[in-house]
Amino acid sequence: MRIGVVTFPGSLDDVDARRAVGMGGHEAVELWHGDHDLRGVEAIILPGGFSYGDYLRCGAISRFSPVMTEVVGAAQRGMPVLGICNGFQILCESHLLPGALIRNDHRKFVCSDQRLRIENNRTPWTSSYAEGAEVTIVLKNGEGGYVADEDTLDRLEGEGRVVARYLGDNPNGSLRAIAGITNERGNVVGLMPHPEHAVEDLCGPGTDGLGFFTGALTQAVAAGLLG
Amino acid sequence: MSRVVVDVMLKPEILDPQGKAVHGALPRLGFTGVNDVRQGKRFELEVEGEVTDDVLARVHELAGTLLSNPVIEDFVVHVEGDGAPHGKHKA
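Residues numbered from 1 in each chain as written. Chains lettered and ligands numbered in written order. Predicted model: local features only at pLDDT ≥ 70, side-chain atom pairs only at ≥ 80, totals over all residues.

S.K.: Describe the overall build of chain B, naming the residues involved and giving the relevant values.
M.R.: Looking only at helices and strands, chain B has two helices and four strands in total. The secondary structure elements of chain B, listed N-terminal to C-terminal, are β-α-β-α-β-β. Taking 2.2 N^0.38 as the reference for a compact globule, 91 residues should give roughly 12 Å; the C-alpha atoms of chain B span a radius of gyration of 16 Å, well beyond that estimate. On the principal axes, the C-alpha backbone points of chain B span a range of 45 × 30 × 15 Å. Across the 91 residues that make up chain B, the buried fraction comes to 20%. Here the analysis covers contacts within chain B between residues at least 6 apart in sequence; of these, 60% occur between residues at least 24 apart. (Helix = DSSP H or I, 4+ residues; strand = E, 2+ residues; numbered from the N terminus. Rg over C-alpha atoms; globule rule 2.2 N^0.38 Å. Buried ≥ 20, exposed ≤ 12 C-beta atoms within 10 Å, placed from the backbone. Contact = placed C-beta atoms within 7 Å.)

S.K.: Can you explain the overall build of chain A? Please cite residues and give values.
M.R.: Across its full length, chain A carries five helices and eleven strands. Computed over C-alpha atoms, the radius of gyration of chain A comes to 16 Å, within 12% of the 17 Å expected from 2.2 N^0.38 for 227 residues, which places it in the range of a compact globule. Dimensions of chain A along its principal axes, counting C-alpha atoms only, are 40 × 40 × 40 Å. Here chain A holds 227 residues, and 56% of them are scored as buried. By sequence separation, contacts in chain A at least 24 residues apart represent 75% of the contacts at least 6 residues apart.

S.K.: Report on the nonpolar core, specifying residues and quantitative values.
M.R.: Ranked by size, the top nonpolar core spans 81 residues in total, and within it I44(A) and L191(A) carry the most contacts. Ignoring any residue separated from it by four or fewer positions in sequence, one finds L191(A) in contact with L82(A), I84(A), F88(A), V163(A), A164(A), A179(A) and G180(A). (Core = buried A, V, L, I, M, F, W, Y, C linked by C-beta atoms within 7 Å.)

S.K.: Please provide a residue-by-residue account of the interface of chain B and chain A, values included.
M.R.: The interface of chain B with chain A comprises nine residues on the first partner and twelve residues on the second. Among the elements that line the side of chain B that touches chain A, the one with the most residues is helix 1 (residues 17–25) of chain B, at three residues. When the residues that make up the side of chain B that touches chain A are grouped by side-chain class, the tally is seven nonpolar, two polar and no charged. (Nonpolar A, V, L, I, M, F, W, Y, C, P; charged D, E, K, R; others polar.)

S.K.: Give me the lowdown on the sheet that holds strand 1 (residues 2–7) of chain A, citing residues and values where you can.
M.R.: All names here are of chain A. If you trace the nine strands from one edge of the open sheet to the other, you get 2-1-3-4-11-10-9-6-7, paired in mixed fashion. In this open sheet, the two edge strands, each paired with only one partner strand, are strand 2 (27–32) and strand 7 (134–141). Each neighbouring strand pair of the sheet contributes to a mean axis angle of 25°, computed without reference to strand direction. Sheet topology note: the strand 6 (residues 110–118)/strand 9 (residues 162–166) ladder contains three bridges and is antiparallel. Looking across to strand 9, one finds that L116 is bridged to Y166. Those strands touched by helix 3 (residues 86–93) are strand 3 (43–46), strand 4 (81–84) and strand 11 (188–191), and its axis lies near 120° from that of strand 4. (Pairing = 2+ DSSP bridges. Axes fitted to C-alpha atoms, helices over the stretch in contact; angles between N-to-C directions.)

S.K.: Explain the environment of F50(A) residue by residue, including any values.
M.R.: All names here are of chain A. Mapped onto the elements, F50 comes out in the loop between strand 3 and helix 2 (66–76). With 18 C-beta atoms packed within 10 Å, F50 lands in the partly exposed category. With 41 residues separating them in the primary sequence, F50 and P9 have C-alpha atoms 8.1 Å apart. Not counting chain neighbours up to four residues away, the residues in contact with F50 comprise G10, L12 and N86.

S.K.: Go over helix 1 (residues 14–23) of chain A, please, and point to the residues and values.
M.R.: All names here are of chain A. Every buried residue of helix 1 is listed here: D14, A17, R18, A20 and V21. Looking down the long axis of helix 1, one finds its buried residues gathered within 160° of arc, a one-sided arrangement. Against strand 1, strand 2, strand 3 and strand 4 lie the buried residues of helix 1. Just beyond helix 1, the residue with positive phi is G25, at close to 90°. (Arc of directions from axis to C-beta.)

S.K.: Break down the confidence of the model for chain B for me, citing the residues and quoting the values.
M.R.: Overall, the predicted model of chain B reaches an average pLDDT of 91, with 90% of residues at or above 70. Across the predicted assembly, pTM comes out at 0.93 and ipTM at 0.84. (pLDDT = per-residue confidence, 0-100.)

S.K.: Can you lay out unusual backbone geometry for me, pointing to particular residues and giving the numbers?
M.R.: Residues and elements named next belong to chain A. Despite not being glycine, H95 shows a phi value in the positive range, around 65°. Structurally, H95 is set in the loop between helix 3 and strand 5 (100–102). The phi angle at R107 is positive, at roughly 70°, despite the residue not being glycine. Tracing the backbone shows R107 in the loop between strand 5 and strand 6.

S.K.: Describe helix 2 of chain A, and please don't skip the residues or the numbers.
M.R.: All names here are of chain A. What helix 2 keeps buried is the set V67, M68, E70, V71, A74 and A75. One face of helix 2 carries all of its buried residues, which in axial projection span an arc of 155°. The inward-facing, buried residues of helix 2 abut strand 1, strand 2, strand 3, strand 4 and strand 11. A positive backbone phi angle near 110° is found at G78, which sits one or two residues after helix 2.

Quick look at the structure:
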């Protein structure tokens, strides 16, 4: 499967994401923020970092980059899209996902090995995990506090759209300890922790993140999980 | 040339850690009697010609699309020198 990884000016984790895609058995395709086409990819990752320097708001300027017009269109047609950290912020700014990410409530940058529970394994990005699986994945953010109004939070919970939740102490003030969510269709996933940093035993807390990049993605698409 | 000002503030119910940090620093500087601080953003737009209703409508669109995120922020548009705010936007 060809999985595109978009590089914006200020992206940091695009190389790690491409590497994780390869380790997951897929072909990583470099996409540039100024691109007007998606080069035939079948899924897209928006990586972490500080696109456009986090100027204005995290993800606010990236949303209007040429490639995002293509990404939004593809997402609306059902293509799997995963936004990690800054990618999650871009997906919220693009209105592909509800809510927003604000500065951590304790005002400090957090960088830790974070325990998570995978609460929805019906997305193409999480289908290799057991529902309720507890995993450890790197978390590193300054503006990772997930917020949305109560109605939106209730809807996300009621529709099973909370994909991952923080375990233990809430690391950044996210409402209802939400670490990741999906859209109604289940093809777009935003995740604040970084699975691409948890794919090897040598560096990082283990390989719990690899499941986001493995063959389950292909299986999910083949099985019509995307509707 | 005219100047149109857009002030963007976090909605009251959204936590403002930066404002809290500023507020926390005030007593150390000897400032007392300040109960709360909220931090926002001010944009000054230099626009061509007169500020017509059409120009203001476009500024409102710009403010609601790029300058603010309606999920977490409200904005107010002023024409500089005019004094009167041209509508307060709450999503």
